[in-house]
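# Reading the structure
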Amino acid sequence: MSTVSTVNGGISFWYAQEGTPAPREPLPGDASADVCIVGGGYTGLWTAYYLKKAVPFLNITVLEAKFCGYGASGRNGGWLYNGIAGRERYAKLHGHDAAVRLQKAMNETVGEVVRAAAEEKIEADIHQGGVLEVAHTPAQLARLRDFHSVEIAFGETDRVLRGARETAERVHVTGAVGSTWTPHGARLHPAKLVKGLADAVEALGVTIHESTPVTEIKPKHAVTPYGTVRAPYILRCTEGFTAGLKGLKRTWLPMNSSMIATEPLPARIWDTIGWEGRETLGDMAHAYLYAQRTADDRIAIGGRGYPYRYGSATDNDGRTQPATIAALRDLLVRLFPTTAGVRIDHAWSGVLGVPRDWCATVTLDRSTGLGWAGGYVGSGVATANLAARTLRDLIQQDSGQAGPTDLTTLPWVNHKVRRWEPEPFRWLGVHGLYAAYRAADRRETTSPRPGTDPIAKAADRIAGRH
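Keep in mind the model is a prediction, meaning the values are calculated, not measured. (Residues numbered from 1 in each chain as written. Predicted model: local features only at pLDDT ≥ 70, side-chain atom pairs only at ≥ 80, totals over all residues. Heavy atoms only, no water.)

Attention now goes to the overall build of the protein. The helix and strand tally for the protein stands at twelve helices and 21 strands. A principal-axis box enclosing the C-alpha atoms of the protein has dimensions of 60 × 50 × 45 Å. A total of 466 residues make up the protein; the buried ones form 60% of that total. For the protein, restricting intrachain contacts to residue pairs at least 6 apart in sequence, the fraction spanning at least 24 positions comes to 79%. Here the protein contributes 53 positively and 47 negatively charged side chains, and the mean placements of these two sets differ by 5 Å. (Helix = DSSP H or I, 4+ residues; strand = E, 2+ residues; numbered from the N terminus. Buried < 20%, exposed > 50% of the residue type's maximum accessible area, 1.4 Å probe, protein only. Contact = heavy atoms within 4.5 Å. Lys, Arg positive; Asp, Glu negative; His and termini not counted. Charge placed at Lys NZ, Arg CZ, Asp CG, Glu CD.)

Structure below.
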């Protein structure tokens, strides 16, 4: 497999296909608004969209440091699915029924994104093939079966468990011994979705200022180098870039994730792979993978690679390490050996937001007017939409325009979490944990035992994931 002609960086493959959007004007000076949203990704744009649709007279301003979709919203794996970070913890804190309500809301969110995209005529290559997660080893198969049972217990009665033969009939993943499939998922083109959403928001009358980095958020103030926007509500929708704001370096950890995209594959290769349902594809490894069959018949596949930069630093253009590209290429060939000779057209990376307890949250502080949503831990394509609709309802409730709703009473609302450890403990901890997860995956590959490797169990406890 050749990587000589691989484009590395350039934000993402999705933007290499689409081209970066024409720049919008930066903030021209001090301004005021009813609601100021910091961050022009999925969370910020969906929040502006639903607020403006609900209350058309609101003056809403979105401030974006680069351009809309520059971060995770334009670099992700294109998984629109019903996973949400922290559900098990919310079940412990608020009861099983509360967590079931949260999961039901996530299931419905997949359809809501599809509906809204269609209503706004956003062509984002959406295909509702569901999500297929496979197991390769006895330990992974045991985890997969447990995972399947747990998902059913949280209300996913339409989930399907498949054996090795049934899995191969859907996607011929080499060495797969079983899989679980849910219909609550879709493949999409991330950049097409975020570009279309930004255009739809602007058409509703929302003001978007790009090339306008916010350096500090204070009650009723969003501070930029070009001026300050004053508003009763300031909403932080910055996900993996949150650490760059004053006083928030240890709030959410910016975790790196990397991807590669192949050249379009010929029919003879697809004949060996199958994948006609175009399900999004994942596995039960500790250092997990995520993949999709794109609309133009490429495979886009991602994983962790180099997990974290010292001091919560974030990249600029998505460039990723050659070793990570090689590891993802090797992973692709292990899954689908007939791809051994295909070209890798693009490699890139980006950051996602990870709270210390791995729980996604939505918050509105009624005493200050400050709100935020995020900490999606890689599940943000759909979760951002649910978060946005929840922020809409919280603001309408706080301003007296509406009362509590089903969304404002979900258990992730106003969840509190402690900060991450200071450096160098943060860097040492993250790299140590992912070294442990990779070691556990290697050990499980050669072990006939069905139990999860003890190294991974210890890493989960230290990480706060269980």
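A separate point is the nonpolar core. Trp-46, Leu-80 and Trp-412 are the most contacted members of the largest nonpolar core, which has 91 residues in total. Among the elements that line this core, the one with the most residues is helix α10 (residues 380-398), at nine residues. The residues touching Leu-80, leaving out its near neighbours within four places in the chain, are Val-110, Val-113, Val-114, His-184, Gly-185, Ala-186, Leu-188, Val-381 and Ala-382. (Core = buried A, V, L, I, M, F, W, Y, C linked by side-chain atoms within 4.5 Å.)

Moving on, we come to the environment of Glu-133. Its place among the elements puts Glu-133 in strand β6 (residues 131-135). With relative accessibility at 13%, the residue Glu-133 sits in the buried group. On a C-alpha basis, the gap between Glu-133 and Leu-161 in space is 9.9 Å, while along the polypeptide they are 28 residues apart. Once residues lying within four places of it in the same chain are set aside, the contact partners of Glu-133 are Leu-144, Phe-147, Arg-159, Gly-178, Ser-179, Thr-180, Gly-282 and Met-284.

If you trace the nine strands from one edge of the open sheet to the other, you get β1-β19-β15-β18-β17-β16-β6-β8-β7, paired in mixed fashion. Each end of this open sheet is capped by a strand with a single partner; those strands are β1 (7-8) and β7 (160-163). As judged from the four bridges shared by β7 and strand β8 (residues 178-182), these two strands associate in the antiparallel manner. Within β8, the position partnered with Val-160 by the bridge is Trp-181. The strands that helix α5 (residues 138-153) touches are β6, β7 and β8; relative to β6, the one it contacts most, it runs at about 145°. (Pairing = 2+ DSSP bridges. Axes fitted to C-alpha atoms, helices over the stretch in contact; angles between N-to-C directions.)

Once that is clear, we can look at the pairing of strand β15 (residues 253-262). Among the ten residues in β15, ten count as buried, and that is most of the element. Residues of β15 alternate between two faces, with Leu-253, Met-255, Ser-257, Met-259 and Ala-261 on one and Pro-254, Asn-256, Ser-258, Ile-260 and Thr-262 on the opposite face, all of them buried. Taken together, the ten bridges between β15 and strand β19 (residues 344-354) define a ladder with antiparallel strand orientation. When the bridges of β19 are listed, Ser-258 appears paired with Ser-349. The pairing of β15 with strand β18 (residues 299-303) spans four bridges and is antiparallel. When the bridges of β18 are listed, Ile-260 appears paired with Ile-301.

We now examine the side chain of Arg-187. Positionally, Arg-187 belongs in strand β9 (residues 185-187). Summary of buried charges: Arg-187 has no salt-bridge partner, and the nearest side chain of opposite charge, Asp-125, is 5.5 Å away. At 3.1 Å, the side chain of Arg-187 forms a polar contact with the backbone oxygen of Arg-293. Ignoring sequence-local partners within four residues, the contact set of Arg-187 consists of Gly-78, Asp-125, Ile-126, His-127, Arg-278, Thr-280, Gln-292, Arg-293, Thr-294 and Ala-295. (Salt bridge = Lys/Arg side-chain N within 4 Å of Asp/Glu carboxyl O. Polar contact = N/O pair within 3.5 Å; in protein donor to acceptor, adjacent residues only side chain to side chain.)

What follows covers the packing of aromatic side chains. Scanning all chains against the criterion turns up 13 aromatic pairs. A centroid spacing of 5.6 Å and a plane angle of 20° characterise the contact between Trp-46 and Tyr-50, whose relative ring orientation is stacked. Of this pair, Trp-46 and Tyr-50 both sit in helix α2 (residues 42-54), four residues apart, roughly one helical turn. For Trp-46, a relative accessible area of 1% corresponds to the buried category. (Phe/Tyr/Trp six-rings, centres within 6.5 Å; stacked < 30°, edge-to-face > 60°.)

This next bit is on helix α11 (residues 425-446). With 22 residues, α11 should reach 32 Å at 1.5 Å per residue; the first-to-last C-alpha distance of 32 Å fits that figure. All buried positions along α11 are accounted for by Arg-426, Val-430, His-431, Leu-433, Tyr-434, Ala-436, Tyr-437, Ala-439, Ala-440, Asp-441 and Glu-444. Residues of α11 that are buried sit in contact with α5, β15 and α12 (454-463). (Expected span 1.5 Å × (residues − 1).)

Glancing now at the UniProt feature "domain: FAD dependent oxidoreductase" (unreviewed entry) in the protein. In the UniProt entry, the feature "domain: FAD dependent oxidoreductase" (unreviewed entry) is given for residues 34-394. Along residues 34-394 one finds 33% helix and 25% strand; the C-alpha atoms at either end are 14 Å apart. (UniProt positions renumbered as here; feature names shortened; annotations may be inferred.)

Time to look at the pattern of salt bridges. Counted by the stated rule, this structure contains 31 salt bridges. One salt bridge connects Glu-216 with Lys-246, and the closest N-O pair in it is separated by 3.9 Å. Linking Glu-216 in strand β11 (residues 216-218) with Lys-246 in the loop between β14 (233-236) and β15, this pair joins segments that are 30 residues apart in sequence. With relative accessibility at 57%, the residue Lys-246 sits in the exposed group. Residues participating in the shared-partner salt-bridge network are Lys-53, Glu-112, Arg-115, Glu-119 and Glu-120.

Time to look at the environment of Gly-353. Its location among the elements puts Gly-353 in strand β19. For the pair Gly-353 and Leu-253, spaced 100 residues apart in sequence, the C-alpha to C-alpha distance is 5.7 Å. Residues in contact with Gly-353, not counting those within four places in the same chain, are Glu-239, Gly-240, Leu-253, Gly-375, Tyr-376 and Val-377.

Okay, unusual backbone geometry next. Negative phi values dominate among residues other than glycine, just as trans dominates among peptide bonds. Cis geometry marks the peptide bond from Glu-423 to Pro-424, where omega comes out at 5°. Turning to its location among the elements, Pro-424 is positioned in the loop between α10 and α11. Positive phi is not limited to glycine here, since Lys-121 has a value of about 55°. With respect to the helices and strands, the residue Lys-121 is situated in the loop between α4 (96-119) and β6.

One key point about sheets: their strands pair by backbone hydrogen bonds, in either a parallel or an antiparallel sense. Pairing is mixed across the open sheet formed by four strands, whose spatial order is β2-β13-β12-β11. In this open sheet, the two edge strands, each paired with only one partner strand, are β2 (31-32) and β11. Looking at chain direction, β2 and strand β13 (residues 227-230) are connected through two bridges and run parallel. When the sheet's bridge partners are listed, Ser-32 is paired in β13 with Arg-230.

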